[in-house]
Amino acid sequence: MNDAASLMQRADALEEKMSRELDYIVVKSRLYSLAEGDLNPPPNANALMAANPNAQVLMGDDPRLPPMPEKPTLLDFFKYRFGPAAHLLQSARHAVNAGLPEKMVLACLLHDISTIGFIRGDHGYWGAQLVEPYVDEEVTWAIRAHQVLRFYPDESVGYEYPQSYVKAFGADYRPDQYVEDDYQRMRNHKWYMSGRMITVHDIYSFDPKVHVELEEFTDVIGRNFRQPEQGLGFDNSPVAHMWRAMIRPAKYL
Ligand SMILES: [Fe+2]
Ligand SMILES: [Fe+2]
């Protein structure tokens, strides 16, 4: 037997062993596959189960992720689901130091929760939708707007087009037409400056020595985020399913 054939054989044996040992099967949502550039049909759950009679598709908690409390709070999502939040914590601290009202501190604290917890593209729109039932309307508006306003300078508050964007997107990058259209609508809105303030405190060059703890904002959250009694995801709000998608991101159905 040549080397390649024996390697193949070993790989097959390993895969078989792994599938025997695993008692659950993960079928990824289409969105995850598309993000990998993968247009193939999803794995066939019936065939996988037939090959491994001990396994079932995931309908409960994912054993690979930390368990969530039964009635999860916003802080629980920061602790158990969101990625590193230093950028949000530093933005919120920056807003406090500038003397912004509490609800705007909250807006700065939450402005990128979609980036760190859900979906990146259009993150301001997703993030605003996630918090809409629980915060002041102006906070929702500002979170949605920050993503658009970031692309447009405003000399009156010293906000320039970020140099990091020139590097990341190229010097000739222009925002999509729907972003431009939203900018035209937002620039004349009564809450324009609230959205703008998020961009002003949306700082990218951090002092690595500055460490901000989430607990610093427990009271701000308590006073400005209407935590549902049943827990985020279980309060029958129009966005409850979006929070549940973060609790169990690989749920089969
Ligand atoms: Fe953002
Ligand atoms: Fe940000």
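One can find the structure itself at the top, above this paragraph.
Residue numbers here run from 1 along each chain, matching the order of that chain's written sequence. Here the convention is simple: chains get letters from A, ligands get numbers from 1, in the order in which they are written. Totals for whole chains, interfaces and linings use every residue, but because this is a predicted model, local features are given only for residues with pLDDT of at least 70 and side-chain atom pairs only at 80 or more, for both listing and counting. The side-chain figures draw on all heavy atoms in the structure; neither hydrogens nor water molecules are used.

1. Side note on the overall build of the chain
- Helix and strand counts for the chain stand at 14 helices and two strands.
- Counting over 253 residues, the chain shows a buried share of 40%.
- Here, residues are in contact when the closest pair of their heavy atoms is within 4.5 Å. Taking the intrachain contacts of the chain between residues at least 6 apart in sequence as the baseline, contacts between residues at least 24 apart amount to 72%.
- Surface exposure of the chain reaches about 15100 Å², of which carbon and sulfur atoms provide 54%.
- By the counting rule applied here, Lys and Arg register as positive and Asp and Glu as negative, while His and the ends of each chain are not counted. Just so you know, the charge point we use is NZ for Lys, CZ for Arg, CG for Asp and CD for Glu. For the chain, the centre of its 26 positive side-chain charges and the centre of its 35 negative side-chain charges are spaced 1 Å apart. A run of H or I in DSSP counts as a helix once it spans at least four residues, and a run of E counts as a strand once it spans at least two, with each numbered from the N terminus. Note on classification: 1.4 Å probe, protein chains only; a residue is buried when its accessible area is under 20% of the maximum for its type, exposed when over 50%, partly exposed between these limits. For the accessible areas, the method is Shrake-Rupley and the probe is 1.4 Å, while residue cover comes only from the protein chains on display.

2. Describing the packing of aromatic side chains
- Aromatic rings from Phe, Tyr and Trp, with only the six-membered ring used for Trp, were paired whenever their centres fell within 6.5 Å, and each pair was classed as stacked if the ring planes differed by under 30 degrees, edge-to-face if by over 60, and tilted otherwise. Counted under the stated rule, the structure contains 13 aromatic pairs.
- Measuring from ring centre to ring centre gives 5.0 Å for phenylalanine 78 and phenylalanine 82, while their planes differ by 70 degrees; the resulting arrangement is edge-to-face. This pair shows no difference in class: phenylalanine 78 is buried, exactly as phenylalanine 82 is.
- Seen in terms of ring centroids, tyrosine 161 and tyrosine 165 are 5.7 Å apart; in terms of plane orientation they differ by 80 degrees. Their pairing is edge-to-face.

3. Some thoughts on the coordination of the iron ion (ligand 1)
- Metal donors were taken as nitrogen, oxygen and sulfur atoms no farther than 2.8 Å from the ion, or 3.2 Å where the ion is Na, K or Ca. Water is excluded, so coordination may look unfinished. In the first shell of the iron ion (ligand 1), the protein supplies Asp112 (OD), His123 (NE2) and His146 (NE2), at 2.1 to 2.2 Å from the metal.
- Within one chain, the residues donating to the iron ion (ligand 1) are spaced in sequence as D-x10-H-x22-H.
- The distance between the iron ion (ligand 1) and the iron ion (ligand 2) comes to 3.6 Å, with aspartate 112 serving as a donor to both metals. Separated by 34 residues along the polypeptide, aspartate 112 in the loop between helix 6 (102–110) and helix 7 (113–117) and histidine 146 in helix 9 (residues 137–149) bring together distant segments of the chain. There is no split in this pair, since aspartate 112 and histidine 146 are both buried.

4. Here's the deal with the coordination of the iron ion (ligand 2)
- Summarising the metal site, the iron ion (ligand 2) is bound by the protein donors His87 (NE2), His111 (NE2), Asp112 (OD) and Asp202 (OD), whose distances to it range over 2.1 to 2.2 Å.
- Only two sets of limits are used to name each site, 85 to 135 degrees for every angle of a tetrahedral four-donor site, and over 155 degrees for opposite donors with all other angles from 65 to 115 for a square planar four-donor or octahedral six-donor site, with any other site named irregular. Every donor counted, the four donor atoms about the iron ion (ligand 2) form angles of 79 to 170 degrees at the centre, which fits irregular coordination.
- Along the chain, the residues donating to the iron ion (ligand 2) fall in the pattern H-x23-H-D-x89-D.
- For aspartate 112, a relative accessible area of 7% gives the class buried.

5. A few points about a nonpolar patch on the surface
- Only residues above 30% relative accessible area that lack a salt bridge enter a patch, with like-charged residues linked at up to 9 Å and the nonpolar side chains Val, Leu, Ile, Met, Phe, Trp and Tyr linked at up to 5 Å. Salt bridges are identified by distance alone: a Lys or Arg side-chain nitrogen within 4 Å of an Asp or Glu carboxyl oxygen. Taken together, the side chains of Met59, Tyr252 and Leu253 present a nonpolar region at the surface, about 330 Å² in accessible area.
- Along the chain, methionine 59 turns up in the loop between strand 2 (56–57) and helix 4 (74–80).
- Among the residues examined, methionine 59 registers a relative accessible area of 40% and is labelled partly exposed.

6. Section: the nonpolar core
- For our purposes a nonpolar core is just a set of buried Ala, Val, Leu, Ile, Met, Phe, Trp, Tyr and Cys residues, chained together by side-chain atoms within 4.5 Å. Counting residues in hydrophobic clusters, the biggest one holds 43 residues, and the most contacted among them are Phe78, Leu110, Ile113, Phe225 and Trp243.
- The residues touching leucine 110, leaving out its near neighbours within four places in the chain, are Leu74, Phe78, Leu88, Val131, Ile143 and Phe225.
- Among the nonpolar cores identified, the runner-up in size contains 13 residues, and Leu149, Tyr183, Trp191 and Tyr192 belong to it.

7. Considerations on the pattern of salt bridges
- A full pass over the atoms with the stated rule returns nine salt bridges.
- Its salt-bridge partner being arginine 248, residue aspartate 61 comes within 2.9 Å of it at the nearest N-O pair. One end of the pair, aspartate 61, is in the loop between strand 2 and helix 4; the other, arginine 248, is in the segment after helix 14 (240–247), with 187 residues separating them in the sequence.
- By sharing partners, the salt bridges in this structure join Lys103, Asp136 and Glu138 into a single network.

8. Examining the side chain of threonine 199
- Of note, threonine 199 is situated in helix 12 (residues 192–201).
- Other than its neighbours up to four places away in sequence, threonine 199 contacts His146, Leu149, Arg150 and Tyr159.

9. Overview of the side chain of aspartate 202
- Turning to its location among the elements, aspartate 202 is positioned in the loop between helix 12 and helix 13 (218–224).
- Any pair of nitrogen or oxygen atoms within 3.5 Å is treated as a polar contact; in protein, a donor-acceptor pairing is required on top of that, and neighbouring residues in sequence qualify only through side-chain atoms on both sides. Separated by 2.9 Å, the side chains of aspartate 202 and arginine 150 make a polar contact.
- When residues no more than four places from it in sequence are discounted, the contact partners of aspartate 202 are His87, Ser91, His111, Asp112, His146 and Arg150.

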